[in-house]
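# Observations on the model geometry
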Number of protein chains: 2
Amino acid sequence: MFESAELGHKIDKETFKREVPKLRAELLDVQYDVLQKREFPVVILISGVDGSGKGETINLLYSWMDPRHISTLAFSAPSDEERSRPYMWRYWRALPAKGKIGIFAGSWYSQPIADRISGDMRRSELDERLDDINRFEAMLVNEGALVLKFWFHLSKDGQKQRLKALEKNPNTAWRVTKESYERLKTYGRLQEVAGHVLRVTNTAHAPWIIVEGTDDEYRSLTVGRIVLDAMKRRLNQEGRQLVPVAPPIVHPIDEKNVLSELNLTRALGKKEYESELARYQSRLSELVRDGRFAGKRSLVVVFEGPDAAGKGGSIRRIAGAMDARQYQIVPIAAPTEEERDQPYLWRFWRHLPRTGRVAIFDRSWYGRVLVERVEGFCAESDWLRAYAEINDFEHQLVEAGAVVVKFWLHISADEQLRRFKERQETEFKRFKITEEDWRNREKWDAYVSAVCDMVDRTSTGLAPWTLVEANDKNYARVKVLRTLCERLEAAIEDDGKISEK
Amino acid sequence: MFESAELGHKIDKETFKREVPKLRAELLDVQYDVLQKREFPVVILISGVDGSGKGETINLLYSWMDPRHISTLAFSAPSDEERSRPYMWRYWRALPAKGKIGIFAGSWYSQPIADRISGDMRRSELDERLDDINRFEAMLVNEGALVLKFWFHLSKDGQKQRLKALEKNPNTAWRVTKESYERLKTYGRLQEVAGHVLRVTNTAHAPWIIVEGTDDEYRSLTVGRIVLDAMKRRLNQEGRQLVPVAPPIVHPIDEKNVLSELNLTRALGKKEYESELARYQSRLSELVRDGRFAGKRSLVVVFEGPDAAGKGGSIRRIAGAMDARQYQIVPIAAPTEEERDQPYLWRFWRHLPRTGRVAIFDRSWYGRVLVERVEGFCAESDWLRAYAEINDFEHQLVEAGAVVVKFWLHISADEQLRRFKERQETEFKRFKITEEDWRNREKWDAYVSAVCDMVDRTSTGLAPWTLVEANDKNYARVKVLRTLCERLEAAIEDDGKISEK
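Values in this document were obtained by computation on a predicted structure and should not be read as measured data. (Residues numbered from 1 in each chain as written. Chains lettered and ligands numbered in written order. Predicted model: local features only at pLDDT ≥ 70, side-chain atom pairs only at ≥ 80, totals over all residues.)

### Some points on the overall build of chain A
A tally of regular secondary structure across chain A gives 21 helices and ten strands. Computed over C-alpha atoms, the radius of gyration of chain A comes to 24 Å, within 12% of the 23 Å expected from 2.2 N^0.38 for 501 residues, which places it in the range of a compact globule. When its C-alpha atoms are laid out on the principal axes, chain A stretches across 70 × 55 × 50 Å. Residues counted as buried form 41% of the 501 residues belonging to chain A. Considering only contacts within chain A whose residues lie at least 6 apart along the sequence, 82% involve residues at least 24 apart. (Helix = DSSP H or I, 4+ residues; strand = E, 2+ residues; numbered from the N terminus. Rg over C-alpha atoms; globule rule 2.2 N^0.38 Å. Buried ≥ 20, exposed ≤ 12 C-beta atoms within 10 Å, placed from the backbone. Contact = placed C-beta atoms within 7 Å.)

In structure tokens form, the structure reads like this:
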């Protein structure tokens, strides 16, 4: 969920200074268009980690637009008036009217997140509240509102550094209190709770937009651009808003993304590879025969990656560690006729392993948000809702005891070209390369965007993505096996503990 | 929720015999169209009270259509295979393909309802499950499926009588077991649980269709017609199904409805009226001053009804029992400019009473599904989603301690005409009658349908509708006051008990 907001996004002050005047002028223009049209309100939620620049961003938005038509709403402890009515009353009171912009500093999410961290709210209570919130936001969107939910993220180090920086500057030192450092201690818990909350409320009509909070210029420019684009798109929509208008991809303005930041030079020498491979294969072999696995767990492994990334080779190394009766490899190609007559997840449901078994998917349900999206095989509204549906699906798997491990094997475009050429030259590998593979290469950038978006929206605490640097096959295979072993061990150990409810 | 399925709906065997051949021919035709178009599957859930004719209806549907393209799926205890996978796996396996019809006898609702009744499932677990179900059904509809959810209802007496009738007939006696009578004992609990489940899962994309199960002919013909209409409508839709295709109004084929069955001749003599009025006014006066009310409850009263039904008079009788500082009367007319710039529920949120206070709404949020629907002031999709939004809203009120009492004051068309004429003749009442009132009269039938639909979909266990026979003003006023007193007393007494969670 937060992977792409831990890359150290940054833009220099020069670029910022150059870009801001244009952005301001456009924002003002669009704000007046929204005001004049008076067809929909703009609801902006600014949430996130402490010290991630929420206040600064709100102040900037104020200074960039006409503040007479913006209301900012901060919520602390509910008033006496508010406590004696349904808890959503305070937010209903504060809704911006059509044509206006309402910025919610702290929102309907703040209280449940805080209460859950402090332990004052049970998980089931939290989930009921999130349900209410989803219905409330669906209602807002159905009534025409443009809802933009920002979550500002900082890595734990990033948060510490930001506090130090604020302290150093005499103008901001007052903002750092003892509580700020207290909150640092609950960082892990916040990430866990926020991860859950964001997953459950990441709906197609009001998706979360996660922005790295470390660099002021990057954060502000990113938010400004997204608000601008979203208002423009909404203005151009005929009638009601039926699909989310927030750009599904937050194309990072500094060009950094989870794939570009991978170190693809990682490699493993032959000798080290062989010993590591043997080591993890035997570990894996033990783990899947462990009674604690066989009795209540299953394993679902997903492989995605560009053509020629080495999925098949990795899968064979996993299979080599297991008894053939225990696992099934499910290669996913175009759906069969029978499968096309069913909802798109149906063909994956039918291959789910039972307890004690392993299913390895060579390509998977992520086709919906990768190839189907990039090639236009399904409507935008279909792949937009797929993120939530996939998260739901994997959540059900995990609830039923499955360990879900998802690999994106990544290679550079150059490495892919080298492998394609090699395949063409090697007689027995020639069947592996087709015209289509060459065509897909032309859409490399579109695929990169789709992958980044996929990782942002579907890498959850329950079923995280593992990005594998795969230019070197040895390194990739060992990382895959090691990750599998670690995830299985963690799950088996978890079962030993009392599960929190 | 079940009001309109307790009216003793019935059609005679002659009509049935006359109607069935046409229906069968049409059903077959449409079934083949669906099959040929192969664009969407039809998912029919048959659920409901024991002995309400689920099996018979399924058999009829089979005999009326081509059984080669229908699959019927009954689910009992999950198999070993099923238990070792996510619980929704068994239903995914059973989904009908595009072009086919799948009839689910027992469905994803059966287990949670049974587990909740037996106490094996906590309320919060049930709600999480219902959430999963809502997301699953939304996915089905988004993928194109036509989802028809039938609930067959019997009153408690009706259920007993049906069991007796089955026992008498030697062909059906075997179907009555000891368990059938056992289940009769949990009738109340089933109604409670089913009421909750149906309320929460009564979504705009897959609404429940409640059918009275007592009379075989009525039930079968009703289901057959609804299935036919829904398939026809779905076939005519361009592209994906975005709005529910089940007819929102199940227009009863025997012309009986909750309003037609009211006994409008009920009346109260002057003397009795005065003593009853005094009695309940003083009782109400005590109740709202009771510390148990003032400390944690509020009261929200809703009045709806045709023009000249006597809403104002009833409201004055309530107000007369209270201190003016404690209550607020909120007359609802066309929304103000400020209100039009907000979601439609906003103008009601702003008038919510705080703890210890009373708000009386003279017309209400139900305008959305009454006047706005009938006059076309909002889109069909808007009023269709309003039922769930209104139930949500009232649920939030109740959760916050409000007692929500809703009155539909009903008069006959003749009585309305008499009152209109009287008003025109009486100088000081003339302001009460306008051109619009006369226009509304012309839409009497459309309003009746809207009211019946409203009662079916929004009369919930937490906030039931009270239909008041109001041709006689005395009778109506006393019934209103008595109902208020009873609901308030029940709420206060409930607070004394430990609330079940």
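On we go.
### Here's the deal with the environment of Arg482 of chain B
Residues and elements named next belong to chain B. Topologically, Arg482 is positioned in helix H21 (residues 473-496). Judged by C-beta crowding, with 17 C-beta atoms within 10 Å, Arg482 ranks as partly exposed. Through-space distance from the C-alpha of Arg482 to that of Trp64 is 50 Å; in sequence the pair is 418 residues apart.

### Here's the deal with unusual backbone geometry
Even without being a glycine, Ala308 of chain A presents a positive backbone phi close to 70°. On the secondary structure map, Ala308 of chain A appears in the loop between strand E6 (298-304) and helix H13 (311-319). Exposure remark for Ala308 of chain A: the 23 C-beta atoms within 10 Å place this residue in the buried category. A positive phi angle, near 50°, is found at Arg38 of chain B, a position not held by glycine.

### As for the sheet that holds strand E2 (residues 70-74) of chain A
All names here are of chain A. Here we have five strands laid out as an open sheet, ordered E2-E3-E1-E4-E5, and parallel in their pairing. Each end of this open sheet is capped by a strand with a single partner; those strands are E2 and strand E5 (208-212). Shown here is a sheet whose adjacent strand axes are inclined to one another by a mean of 20°, direction ignored. Bridging between E2 and strand E3 (residues 101-105) involves five bridges; their strand directions are parallel. Its bridge partner being in E3, Leu73 is matched across the sheet by Phe104. On top of the sheet, helix H10 (residues 216-236) reaches strand E1 (42-48), strand E4 (146-153) and E5; it is set at about 165° to E4, its chief contact. (Pairing = 2+ DSSP bridges. Axes fitted to C-alpha atoms, helices over the stretch in contact; angles between N-to-C directions.)

### Things to note about the interface of chain A and chain B
Taken together, the 37 residues of chain A in the interface contact 36 residues of chain B. Its residues placed into classes, the side of chain A that touches chain B shows 15 nonpolar, six polar and 16 charged. (Nonpolar A, V, L, I, M, F, W, Y, C, P; charged D, E, K, R; others polar.)

### Observations concerning the relation of the copies chain A and chain B
Here chain A sits on chain B after a turn of 180° about the axis and a move of 0.0 Å along it, with an RMSD of 0.0 Å. On this basis, the relationship between the two copies can be described by a two-fold rotation axis. Considering only C-alpha atoms, the residue of chain A closest to the rotation axis is Ser124 of chain A, which sits at 3.1 Å. Most of the interface of chain A is mirrored in chain B, where 95% of its interface residues are also at the interface. (Least-squares fit on C-alpha atoms with pLDDT ≥ 70 in both.)

### Considering the packing of helix H6 (residues 123-142) of chain A against helix H6 (residues 123-142) of chain B
The interhelical angle for the contact between H6 of chain A and H6 of chain B, taken along N-to-C directions, is 40°, at an axis separation of 10 Å. Considered as vectors, H6 of chain A and H6 of chain B are oriented oblique to each other. Once H6 of chain A is placed against H6 of chain B, the crossing between them reads as left-handed. Contacts between H6 of chain A and H6 of chain B involve Ser124, Asp127, Glu128 and Asp131 of chain A from the former and Ser124, Asp127, Glu128 and Asp131 of chain B from the latter. In terms of residue class, the contact of H6 of chain A with H6 of chain B is made up of no nonpolar, two polar and six charged. (Parallel < 35°, antiparallel > 145°, perpendicular 65-115°, else oblique. Left-handed = near helix turned anticlockwise from the far one by under 90°.)

### Let's talk about the domain arrangement of chain A
Residue and element names in this part refer to chain A. With domains assigned, chain A is organised as domain 1 (3-236) and domain 2 (270-496). Spacing between the C-alpha centres of domain 1 and domain 2 amounts to 34 Å. With four residues, helix H9 (residues 187-200) is the largest single contributor of residues to the side of domain 1 that touches domain 2. For the side of domain 1 that touches domain 2, the per-class residue count stands at two nonpolar, five polar and three charged. (Domains from an automatic or database assignment.)

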